[in-house]
Amino acid sequence: MTQARQKHGKSVFIRTYGCQMNVYDSERMAGLLKPLGYGVVDAPDDADLVILNTCHIREKAAEKVYSELGRLKKIKTARASNGDEMVIAVAGCVAQAEGPEIIARAPMVDLVVGPQAYHQLPELLARAARECGDILATDFAVEEKFDRLAERQADGPAAFLTIQEGCDKFCTFCVVPYTRGAEVSRGVDAVTAEARSLAAQGVKEITLLGQNVNAWRGDAPAGDAGANSLWGLGELCRHLAKVDGLERIRFMTSHPRDMDDGLIAALGEEEKLMPYLHLPVQAGSDKILKAMNRGHTAATYIGQIAKIRAARPDIALSGDFIVGFPGETNEDFEATLALVEAVQYASAFSFKYSRRPGTPGAAMPGQVEESEKNQRLARLQACLEAQREGFNRAQIGAVLPVLFEKPGRHAGQLIGRSPYLQSVHVDAPQSMLGSIAPVRIEDVTPNALAGVLVRKAEAAA
Ligand code: 5AD
Ligand code: SF4
């Protein structure tokens, strides 16, 4: 054992792939390991424990795990020759979907733990130390997972908070319903307690997370005026807006099918709800939307956008798109471009369809050639990029409240977020970290806005 590690106790390196839910889970795993004496390190080389928190959504994401395991194997072997041990754990959605395959393909893995079994990590690590065989923990028991996680430690003024997991929608391209299980909501009291604890630690902004966050449902708290009623996300957001210290609330990712009037009204009325909505549509052709089992058409989606804009005119819209789903013709793809033109997005994520084993899409006829997918993706991304730039440029001259989250690359610079989730670079003193202040936007760079601090009186004028 090296001197440094003797001095500092045990160490864990966590590599996170994929979505914000994984970022949240990694943070919670680190919190769970802390009382066991594990400090977080930022490289695997000296770590006693390495956790890969994996993503299974597209083939590329899953394959990354196996190449990372190849690199870790070398480190583990070198360490073993010094009589030193390194435990390797694979967590997340690849663990859930391919547990036995991981153990077969990568024998140096000691522990495979699915997204609903993190709370068992301490016991599993103890077992891994006792037993030589591989350990596979991939059962589904979401409620228990949240109940057993330790008190949350905040890290900065903006935090993720998972309120819902799983998906019952079964889009035909998607692995999530298989890796994350059925839709489950956390209760109002548990969510409120976590939000209060974060706010008490200085958190100003929370982003409520869920695979289908707007499918969240919960019983109104006892004693509330609406007790005995079932709340949706709109009511939950209004409730959390009352938590002392919280200034901003966001939520993602929403599904068009669950975008109900209560949530749209809350977006219009609750000032702490930020004017940003991630509402994936995936495609613009009704034939493809049907084959994807999305449960909405292009017209119903565009109708919802109109309603949302009527409630909150300045809303920044974001979406996800897939090109080259089986059966997608040029004409279908043109319908996606037409939808993008009609909606006007502030930001978006777009992907080539990736055939995922076990999903209905993988077996559909009419799989699209890779070269065709590449061309369509390039065209779509050019449109989306132009819209994003236009949205950003439109802020030049505006004064926006910015929450300062971290130091910038240059001395004397801070990086914050606008209400529209844009990154904003500003010259400002370190003492302003964690505060919200008005900033006049002066310039746009490819990935961020640049601005200057404005005195509060000037901002109000
Ligand atoms: N291929 C490509 N993109 C996918 N997504 C989900 N499954 C696939 C797949 N098989 C995209 C969707 C989803 C986002 C998280 O990932 O756009 O909204
Ligand atoms: Fe996947 Fe569709 Fe569920 Fe989103 S709604 S997680 S894309 S199955």
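For the structure, see preceding data.
Residues numbered from 1 in each chain as written. Chains lettered and ligands numbered in written order. Predicted model: local features only at pLDDT ≥ 70, side-chain atom pairs only at ≥ 80, totals over all residues. Heavy atoms only, no water.

In the vicinity of ligand 1, the contacting residues are Ile57, Arg58, Phe173, Gln282, Asp320, Ile322, Phe351, Lys352, Tyr353, Ser354 and Arg356. Here a nitrogen atom of ligand 1 and a backbone polar atom of Ser354 are 2.8 Å apart. For ligand 1, whose accessible area on its own is 410 Å², the fraction buried by protein is 87%. Taken together, the elements giving at least two residues each to the shell around ligand 1 come down to strand E15 (316-323) and strand E16 (347-352). Grouping the amino acids of the shell around ligand 1 by side-chain chemistry returns five nonpolar, two polar and four charged. (Near = heavy atom within 4 Å. Polar contact = N/O pair within 3.5 Å; in protein donor to acceptor, adjacent residues only side chain to side chain. Areas by Shrake-Rupley, 256 points an atom, 1.4 Å probe, with all protein chains shown as cover. Helix = DSSP H or I, 4+ residues; strand = E, 2+ residues; numbered from the N terminus. Nonpolar A, V, L, I, M, F, W, Y, C, P; charged D, E, K, R; others polar.)

We now examine the site of ligand 2. Taken together, Cys167, Lys169, Phe170, Cys171, Phe173, Cys174, Val176, Pro177, Asn212, His255 and Arg294 form the complete shell of residues around ligand 2. Class assignment for the residues of the shell around ligand 2 results in seven nonpolar, two polar and two charged.

Further remarks concern the packing of aromatic side chains. Under the definition given, this model contains five aromatic pairs. When the ring of Phe170 is compared with that of Tyr178, the centres are 5.6 Å apart and the planes differ by 75°; the resulting orientation is edge-to-face. Residue class for Phe170 comes out partly exposed when judged on its relative accessible area of 38%. Centroid distance Phe391 to Tyr420: 5.6 Å. Interplanar angle 85°. Geometry classified as edge-to-face. (Phe/Tyr/Trp six-rings, centres within 6.5 Å; stacked < 30°, edge-to-face > 60°. Buried < 20%, exposed > 50% of the residue type's maximum accessible area, 1.4 Å probe, protein only.)

With 14 residues, helix H2 (residues 20-33) extends 20 Å between its outermost C-alpha atoms, agreeing within 8% with the 20 Å of an ideal straight helix rising 1.5 Å per residue. The buried fraction of H2 amounts to 10 of the 14 residues, a majority that puts the element mostly inside the structure. Buried residues of H2: Met21, Asn22, Tyr24, Asp25, Ser26, Arg28, Met29, Ala30, Leu32 and Leu33, and no others. (Expected span 1.5 Å × (residues − 1).)

Assignment of secondary structure puts Gln20 in helix H2. With a relative accessible area of 30%, Gln20 lands in the partly exposed category. With residues near it in sequence (within four places) discarded, Gln20 still touches Phe160, Leu209 and Met252. (Contact = heavy atoms within 4.5 Å.)

Let's shift gears to the packing of helix H10 (residues 261-269) against helix H12 (residues 298-311). Contact geometry for H10 and H12: axes closest at 8 Å, N-to-C directions at 35°. Residues Asp261, Ile264, Leu267 and Gly268 of H10 form the contact with H12, whose participating residues are Lys307, Ile308 and Ala311. Residue composition of the contact of H10 with H12, by class: four nonpolar, one polar and two charged. (Axes fitted to C-alpha atoms, helices over the stretch in contact; angles between N-to-C directions.)

Let us now look at unusual backbone geometry. Note that the residue after Met252, namely Thr253, is joined by a cis bond; omega there is 0°. Here Thr253 lies in the loop between strand E13 (248-252) and H10. Despite not being glycine, Gln282 has its phi angle at roughly 75°, a positive value. When you line up the elements, Gln282 lands in the loop between strand E14 (276-278) and helix H11 (286-291). The buried category is assigned to Gln282, whose relative accessible area is 8%. Not every positive phi belongs to a glycine, and Gln344 is a case in point at roughly 65°.

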